[in-house]
Amino acid sequence: DPQQTELTTASKRKLRRFIVIDEVVDKLYGSRVREYFEENNVQHKILALPTTEETKSMDLVLNILHEVQKFSLDRRTEPIIAIGGGVCLDIVGLAASLYRRRTPYIRVPTTLLSYVDASVGAKNGVNFLQCKNKLGGYTPPVASFLDRSFIQSIPRRHISNGLGEILKMALMKHKGLFDLLESHGKYLLDTKFQSCNGLADHGDAALQTTRIAIETMLEELAPNLWEDDLDRLVDFGHLISPELEMRVLPSLMHGEAVNVDMAFMTYVAHARGLLAAEEKEQILQCMRGLELPVWHSGCSWALIQRALRERLQHGGGQPRMPLPTGLGVAEIFNDTSEETLERAYELWVRD
């Protein structure tokens, strides 16, 4: 905003920023972040924290808020900046929403998963009583700054983890995105989503894939930002996975748990007659090509039943089960029988 810029440069007051950065990201990029603020003459406080699924708690939120209070932040003109993966963005978003009832914050995602998922939308939260994101709210950031160069420093497994959430959007909404993942999955893993010159046969697959994933996510979230309507295609892969992920921590990452859930639901869709056997196999083959797990021993029938009971409570008495009805098309179902679910589970276990 040119007017804002003019006011800022005309002001005698020094610019100030409070930054929360994941401690691993700080080791890799912290010196460059500090240089940036110093060169731009910005007074700053950088708080490096261990932001993992195991530390994603109200305790960490309160730690941040103690430091924010000491920094004496202006709650309207000095946004808190979060630099890290999805957990970091979620924790900082919740802290910002609580401080003086709402302090602006900026998301800077540094993993593929957070780039295409946590950076989009209004939700933030922390785990509570061994339940994923049980405490939280809806406070959108004032901005999300997306820079794929961060992704080149994350391990291959983290790339695969992010591909799980991209595949979710492909299966629910976009056959073209599914085709991109089928054709270029290994290339995206090998190049860590960097745009490489001289590889014309792949085009700019990284840019195309991330752009479509984010655009389809926004299409789904924007009209229903506060989740007044609980029928959400973006919940695909998130019926069983919250229970599974928390139960087997830290053996499954979020996108991996989501993919295990999607694999099971692909069998459910097949058992219901929504997907042909060839389509089911094509989806599973794509998952394997993206180096995602299609099964986990922790996903027992008892856990599935427990997760679906929780889903009924969470979904206002309806399962609201998104299922693929083809490649890139989906519907939400409330009438899947226990017999169908059990038959799908048996086929899944057998395979």
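Quantities reported herein were computed from a predicted structural model and do not represent experimental measurements.

1. Considerations on the overall build of the protein
Regarding its fold elements, the protein presents 13 helices and nine strands. Taken against the 2.2 N^0.38 rule, which gives 20 Å for 351 residues, the C-alpha radius of gyration of the protein at 21 Å falls within 12% of a compact globule. Overall, the protein is about 70 × 50 × 35 Å in size when its C-alpha atoms are taken along their principal axes. Here the analysis covers contacts within the protein between residues at least 6 apart in sequence; of these, 75% occur between residues at least 24 apart. Seen as two clouds, the 40 positive and the 47 negative side-chain charges of the protein have centres 7 Å apart.

2. So, the sheet that holds strand S2 (residues 43–49)
Read from one edge of the open sheet, five strands run S2-S1-S3-S4-S7, paired in parallel fashion. The sheet is open, and its two edges are formed by S2 and strand S7 (143–144), each paired on a single side. Along the sheet, helix H2 (residues 23–39) contacts strand S1 (16–22), S2 and strand S3 (80–84); its crossing angle with S1, the most-contacted strand, is approximately 160 degrees. In this fold helix H4 (residues 86–98) packs onto S1, S3 and strand S4 (105–109), with an angle of close to 165 degrees to the strand it touches most, S3.

3. Here we look at the side chain of Asn224
Note that Asn224 resides in the loop between helix H8 (205–221) and helix H9 (241–248). If we skip the residues at most four places from it in the chain, Asn224 touches Asp229 and Arg232.

4. Here's the deal with the domain arrangement of the protein
According to the domain assignment, the protein consists of domain 1 (14–151) and domain 2 (155–223 + 232–350). A straight line from the C-alpha centre of domain 1 to that of domain 2 covers 27 Å. Taken together, the 19 residues of domain 1 in the interface contact 28 residues of domain 2. Among the residues domain 1 hides against domain 2, the three largest losses belong to Leu112, Leu113 and Arg148. Together they make up 33% of the total. Where domain 1 touches domain 2, the interface holds two salt bridges. Two residues, Glu310 and Lys134, come together in a salt bridge whose shortest N-O distance is 2.8 Å. Linking domain 1 to domain 2 there are five residue pairs in polar contact (both at pLDDT 80 or more). Put simply, the parts of the chain that give the side of domain 1 that touches domain 2 at least two residues each are helix H5 (112–118), strand S5 (123–128) and strand S6 (131–138). If you tally residues by element for the side of domain 1 that touches domain 2, the top one is H5, at five residues. Tallied by class, residues from the side of domain 1 that touches domain 2 come to eight nonpolar, four polar and seven charged.

5. A short note on the UniProt feature "domain: 3-dehydroquinate synthase N-terminal" (unreviewed entry) in the protein
The positions UniProt marks with the feature "domain: 3-dehydroquinate synthase N-terminal" (unreviewed entry) are residues 48–160. Helix and strand shares over residues 48–160 are 35% and 25% respectively, and the end C-alpha atoms of the span are 26 Å apart.

6. Quick look at the pattern of salt bridges
With the rule as written, the count across this model stands at 27 salt bridges. Note that Asp90 and Lys56 form a salt bridge whose closest N and O atoms lie 2.8 Å from each other. Taken together, the residues span a long stretch of sequence, with Asp90 in helix H4 and Lys56 in the loop between S2 and helix H3 (58–71) at a distance of 34 residues. Each member of the pair, Asp90 as well as Lys56, carries the same accessibility label: buried. We note a salt bridge from Lys175 to Asp179, for which the minimum N-O separation is 2.9 Å. With Lys175 and Asp179 both in helix H7 (residues 175–191) and four residues apart, this pair spans about one turn of that helix.

7. So, the state of the cysteines
The tally for this structure, following the rule as stated, stands at zero disulfides. Between Cys299, a cysteine without a disulfide, and Cys131, which holds the nearest cysteine sulfur, the sulfur-to-sulfur distance is 17 Å. Owing to a relative accessible area of 1%, Cys299 belongs among the buried residues under this scheme.

Rules and cut-offs
- Residues numbered from 1 in each chain as written.
- Predicted model: local features only at pLDDT ≥ 70, side-chain atom pairs only at ≥ 80, totals over all residues.
- Heavy atoms only, no water.
- Helix = DSSP H or I, 4+ residues; strand = E, 2+ residues; numbered from the N terminus.
- Rg over C-alpha atoms; globule rule 2.2 N^0.38 Å.
- Contact = heavy atoms within 4.5 Å.
- Lys, Arg positive; Asp, Glu negative; His and termini not counted.
- Charge placed at Lys NZ, Arg CZ, Asp CG, Glu CD.
- Pairing = 2+ DSSP bridges.
- Axes fitted to C-alpha atoms, helices over the stretch in contact; angles between N-to-C directions.
- Domains from an automatic or database assignment.
- Buried area = accessible area lost by both parts, 1.4 Å probe.
- Salt bridge = Lys/Arg side-chain N within 4 Å of Asp/Glu carboxyl O.
- Polar contact = N/O pair within 3.5 Å; in protein donor to acceptor, adjacent residues only side chain to side chain.
- Nonpolar A, V, L, I, M, F, W, Y, C, P; charged D, E, K, R; others polar.
- UniProt positions renumbered as here; feature names shortened; annotations may be inferred.
- Buried < 20%, exposed > 50% of the residue type's maximum accessible area, 1.4 Å probe, protein only.
- Disulfide = S-S within 2.5 Å.

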